[in-house]
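Chain by chain, the residues:
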Amino acid sequence: VSARTAQAHVNAGTDTVFPDTTVTVSSTFPRAIEAGSASSGGLLLRVESDGALTDRLLAPLRAQPRGWRAAFLVSLAGTLVFVVAAVYTMLTGIGVWGNNVPVAWGFAIVNFVWWIGIGHAGTFLSAFLLLMDQRWRSSINRVAEAMTLFALVNAGLFPILHLGRPWFAYWLIPYPSSLDVWPQFKSTLPWDFAAITTYVIVSVLFWYAGLLPDLATARDAHTGRRRIVYGVLALGWSGAGEQWRQHRIALLLLAGLATPLVISVHSIVSLDFAIAQLPGWHSTIFPPYFVAGAIYSGLAMVLVILLPVRRLYGLQTVITARHFDNIAKLMLVLGWVLLYCYALEIFLAWYSGVPFERYTYLSARPVGPWAVLFWAMILLNLATPQLFWSRRFRSDGRVLFGAGIAILIGMWLERFIIVVTSQARDFLPASWAGFTPTVVDWALLGGSIGLFTLLFLLFLRFVPPVPIAELKHMQRELLEEGG
Amino acid sequence: VITLRRHSVVAEFASADALLEAVRQVRAAGHERMETYSPYEVPGLDDALPRPPSRLPKLVFAGGALAALGAYGVQVYANVIRYPQNAGGRPTHAAAPFVISTFEGLVLGAALFAFFGFLVLLGLPRLYRPIFNVDGFDRASRDRFFLAVERPRLAPGRALDELLESLGAVDVRPMKGKP
């Protein structure tokens, strides 16, 4: 939506994807993100006084770039579409979706897996890289984690709607009720519930803990009502040495917990499939395969979000070519991991000698009714990242943005192929069926993107998108090292 | 946690280096009860002003262990004691599938202890602190570095103030208000 809004403000002579706005600092982006770019470039392009850096990073709380309001309205419209479709589903039943028997999972599960996968990159960029002492996380971790939270909101909604009677979702909580019925912990549904709930709560805590010092900065920079609101949210943070020390320890501990957690979450999502007997699902490679795909799709979303945000909010000196270069390289690696998983899956199906597995991988998917989508998935997911062998492409904003969109679509198709083909072409040809999504299916998918961007725009409006204290700390360390 | 008593002197410094140097000098002069306030974690402060090890890691370990036991216990209680279901002759007490929710419980419990333990150890949330009464303290979250030193009971004179001034403090003033 950001890109779409940006389109409304195209200036003649500038790029159409990222046109100039009032707050833009550099106009060389995106053709080459900046001169002397790529791996040699720094993490901070300008040395600024702590005061100037604070003012610049707090600026988004005071004024939004042109187009924010339009993007907000578009997102609000998308959210309303989602709400209408969701309410219609709840009042009528999930028969309004394209789901049938045997394709009982349909779009709801495709969208669920897609959204939760997108969320994984946020935790990856903030928690993994904190443990690995990677400095380049500093400028981008808050945006990435916000992306995680909002992707999780969507990911949580789809399985709840898919329950059919979402008002009974709380039955998944093990509590002593008068029904005397308890969740069955050998089933995958309570696993999902445990994984998603834990992931949401831990992500919120990690994000909020990292945010505390910046909320205090926002408190001290404002007067009146905003000072009170930010002051309450900052919980009385004073910047005391003891606070900083415990804060660092708490963040490290939370990162250490979030790292295995994020791996477990998509592993558990993959078990929804792998525990079943269906050809194309019943495979031991699923957990690592799903985790790699999840982080891959999430990094694509990071690119799609970060490029316009950086541009519109004038963050070119703190989110630099180096960040994009690193993300693109990670995506290249994950693209190859995915290629290995695809290849191994097909090889194992052939090598197993099981006719149903062979049929799924060698006939139903590559030449079956959804063959076009299958080959589009292969092309988008496996060919796109090969662009990132080239340093020039890794520093070209338009290529990065386009690749991000392509991979997001490709990863959605991957989940569609896994969910739909295996169910529609199972063991008995007598039970085979087709699958046609309905308008409600599309409305929920499109609307969830609107909800995501709506939440993200509100985040940009009320929360400093780049960690202020962390950047000042990083600048000091870089200066001490003479960098 | 160092809780400063009422009679403290607050010095404002323009740079992290000045703060670090002041901490060292003030400690060398025999003062031990002090706290720094800075817009970011000042590298090297741990060495200049050593503190006892944090209790947070132990809290988190305890939280994770308790929650893991609790999560496993809930599953046994629910699926073995209260509502056993025989699906294809599989054991009702199925340790392998129970591991999954146990792990999630472990992470959840440990993370809750990490976050709330962090707040409890720091006495947060606490919106009022006497240091907030110091003029210009708003800049402690921006670009200024503050050092609050407790005035020794037996030497109420101006020696401490003069020491802080000599260390390059931009401003030195007493802390006001109820602690």
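These lines cover the structure that appears in this document, whether it is placed above or below.

Cut-off values and rules
Residues numbered from 1 in each chain as written. Chains lettered and ligands numbered in written order. Predicted model: local features only at pLDDT ≥ 70, side-chain atom pairs only at ≥ 80, totals over all residues. Heavy atoms only, no water. Helix = DSSP H or I, 4+ residues; strand = E, 2+ residues; numbered from the N terminus. Rg over C-alpha atoms; globule rule 2.2 N^0.38 Å. Buried < 20%, exposed > 50% of the residue type's maximum accessible area, 1.4 Å probe, protein only. Contact = heavy atoms within 4.5 Å. Areas by Shrake-Rupley, 256 points an atom, 1.4 Å probe, with all protein chains shown as cover. Axes fitted to C-alpha atoms, helices over the stretch in contact; angles between N-to-C directions. Parallel < 35°, antiparallel > 145°, perpendicular 65-115°, else oblique. Left-handed = near helix turned anticlockwise from the far one by under 90°. Nonpolar A, V, L, I, M, F, W, Y, C, P; charged D, E, K, R; others polar. Pairing = 2+ DSSP bridges. Polar contact = N/O pair within 3.5 Å; in protein donor to acceptor, adjacent residues only side chain to side chain. Buried area = accessible area lost by both parts, 1.4 Å probe. Salt bridge = Lys/Arg side-chain N within 4 Å of Asp/Glu carboxyl O. Core = buried A, V, L, I, M, F, W, Y, C linked by side-chain atoms within 4.5 Å. Phe/Tyr/Trp six-rings, centres within 6.5 Å; stacked < 30°, edge-to-face > 60°. Patch = residues over 30% accessible without salt bridge, like charges linked within 9 Å, V, L, I, M, F, W, Y side chains within 5 Å. Expected span 1.5 Å × (residues − 1).

### Focus: the overall build of chain A
Of the regular secondary structure elements, chain A holds 16 helices and zero strands. In terms of overall dimensions, chain A is globule-like: its C-alpha atoms have a radius of gyration of 23 Å, near the 23 Å expected for 483 residues. By its C-alpha atoms, chain A is 70 × 60 × 40 Å across when sized along the principal axes. Taken over 483 residues, chain A has a buried fraction of 62%. Counting only contacts in chain A whose residues sit at least 6 apart along the sequence, the fraction spanning at least 24 positions is 81%. A total accessible area of about 17800 Å² is found for chain A, and carbon and sulfur atoms account for 70% of it.

### A closer look at the overall build of chain B
Secondary structure assignment for chain B yields five helices and four strands. The secondary structure elements of chain B, listed N-terminal to C-terminal, are β-α-β-α-α-α-β-α-β. Against the 2.2 N^0.38 benchmark of 16 Å for 179 residues, chain B shows a C-alpha radius of gyration of 25 Å, more extended than a compact globule. Overall, the C-alpha framework of chain B stretches about 85 × 30 × 30 Å when taken along its three principal axes.

### Digging into the packing of helix α8 (residues 241–274) of chain A against helix α3 (residues 56–82) of chain B
The contact between α8 of chain A and α3 of chain B brings their axes to 10 Å, and the two run at 30 degrees. In this view, α8 of chain A runs roughly parallel relative to α3 of chain B, as classed from their interaxial angle. Crossing angle aside, the handedness with which α8 of chain A passes α3 of chain B is right-handed. Along the contact surface, α8 of chain A presents Gln246, Ile249, Ala250, Leu253 and Leu257 of chain A, while α3 of chain B presents Leu56, Pro57 and Val60 of chain B. Among the residues making up the contact of α8 of chain A with α3 of chain B, the classes are represented as seven nonpolar, one polar and no charged.

### Thoughts on the pairing of strand β1 (residues 8–13) of chain B
All names here are of chain B. Along β1, six of the six residues are buried, which leaves the element largely enclosed by surrounding structure. Here β1 shows no split at all, with Ser8, Val10 and Glu12 on one side and Val9, Ala11 and Phe13 on the other all buried. Relative to strand β3 (residues 145–150), β1 runs antiparallel, the two being bridged by six bridges. Across the sheet, the residue bridging to Val9 is Val149, located in β3.

### Considerations on the environment of Ser352 of chain A
The residue Ser352 of chain A is located in helix α10 (residues 321–352) in this model. Of the polar contacts made by the side chain of Ser352 of chain A, one reaches the backbone oxygen of Ala349 of chain A; its length is 2.8 Å.

### Digging into the interface of chain B and chain A
Listed as interface residues are 63 residues of chain B and, on the opposing side, 61 residues of chain A. Taking both sides of the interface into account, the surface hidden between chain B and chain A amounts to around 5300 Å²; carbon and sulfur atoms contribute 65%. The largest share of the area that chain B buries against chain A comes from Tyr40, Glu41 and Glu104 of chain B, three residues that together contribute 13% of it. Inspection of the chain B/chain A interface yields seven salt bridges. Residues Arg248 of chain A and Asp46 of chain B are paired through a salt bridge, measuring 3.1 Å at the closest nitrogen-oxygen approach. The interface formed by chain B and chain A includes 25 residue pairs in polar contact (both at pLDDT 80 or more). Elements with a minimum of two residues in the side of chain B that touches chain A: α1 (16–28), β2 (34–37), α2 (45–48), α3 and α4 (95–122) of chain B. In terms of residues, the side of chain B that touches chain A owes the most to one element, α4 of chain B, which gives 17 residues. Residues that form the side of chain B that touches chain A fall into these classes: 41 nonpolar, nine polar and 13 charged.

### Structural notes on the nonpolar core
Ranked by internal contacts, the top residues of the largest apolar core, which has 184 residues, are Phe456 of chain A together with Phe13 and Leu147 of chain B. With 18 residues, the single largest contributor to this core is helix α9 (residues 286–312) of chain A. Look past the residues within four positions of Phe456 of chain A in its chain and what remains in contact with it is Val143, Ala146, Met147, Phe150, Ile305 and Val309 of chain A. If you look at the next biggest cluster of nonpolar residues, it comprises 10 residues, including Ala240 of chain A together with Phe137, Ala148 and Met175 of chain B.

### Description of the packing of α3 of chain B against α4 of chain B
Residue and element names in this part refer to chain B. It is the contact of α3 with α4, at a shortest axis distance of 6 Å, that shows an interaxial angle of 145 degrees. The crossing of α3 and α4 is right-handed. Among the residues forming the contact of α3 with α4, the class breakdown is 17 nonpolar, nine polar and no charged.

### Some words on the packing of aromatic side chains
Under the defined criterion, the tally for this structure stands at 45 aromatic pairs over all chains. Both rings, one in Phe132 of chain B and one in Phe137 of chain B, keep their centres 5.8 Å apart while their planes meet at 55 degrees; by these two values the pair is tilted. With a relative accessible area of 3%, Phe137 of chain B lands in the buried category. Taken together through their ring pairs, the aromatic side chains of Trp105, Phe273, Trp281, Phe286, Tyr289, Phe290 and Tyr342 of chain A make up a single cluster.

### Side note on a nonpolar patch on the surface
All names here are of chain A. Side chains of Tyr170, Trp171, Ile173, Tyr175, Leu179 and Val181 sit close together on the surface and give an oily, nonpolar patch of about 550 Å² of accessible area. Mapped onto the elements, Tyr175 comes out in the loop between α5 (137–162) and α6 (188–221). According to the relative accessible area criterion, Tyr175 is partly exposed, its value standing at 30%.

### Topic: the sheet that holds β1 of chain B
Residues and elements named next belong to chain B. What the four strands build is an open sheet, ordered β2-β3-β1-β4; its pairing is antiparallel. With one partner strand each, in any of the chains shown, β2 and β4 (171–174) form the two edges of the open sheet. Geometrically, the sheet is characterised by an average inter-axis angle of 20 degrees between neighbouring strands, direction not taken into account. The sheet contacts of α1 involve β1, β2 and β3, and relative to β3 the element is tilted by about 15 degrees.

### Regarding the side chain of His323 of chain A
Tracing the sequence through the fold places His323 of chain A in helix α10. In this view, His323 of chain A contacts Leu43, Trp136, Ser139, Ile140 and Val318 of chain A; residues no more than four positions away in its chain are not counted.

### Describing helix α16 (residues 468–480) of chain A
All names here are of chain A. Compared with the 18 Å implied by 1.5 Å per residue over 13 residues, the 18 Å span of α16 between its first and last C-alpha is a close match. Of the positions making up α16, those classed as buried are Ile468, Ala469, Leu471, Lys472, Met474, Gln475, Arg476 and Leu478. Gly482 sits one or two residues past α16 and shows a positive phi near 75 degrees.

### Things to note about α5 of chain A
Along an α-helix, residues three or four positions apart point the same way, because every turn accommodates 3.6 residues. With 26 residues, α5 of chain A extends 36 Å from end C-alpha to end C-alpha; this agrees with the ideal 38 Å at 1.5 Å per step. One or two positions beyond α5 of chain A, positive phi appears at Gly164 of chain A, with a value near 90 degrees.

### As for the pattern of salt bridges
As enumerated under the stated definition, the model contains 27 salt bridges over all chains in all. Where Asp220 of chain A meets Arg219 of chain A, a salt bridge forms, and the shortest distance between an N and an O atom there is 2.8 Å. The burial state of Asp220 of chain A is the same as that of Arg219 of chain A; both residues are buried. The salt bridge involving Asp171 of chain B is made with Arg173 of chain B; its shortest N-O contact spans 3.0 Å. Relative accessible area serves as the criterion here: at 32%, Asp171 of chain B is assigned to the partly exposed category. Judged by its relative accessible area of 13%, Arg173 of chain B falls in the buried class. One connected set of salt bridges, linked through shared partners, spans Asp55 of chain A together with Arg139, Arg142 and Asp143 of chain B.

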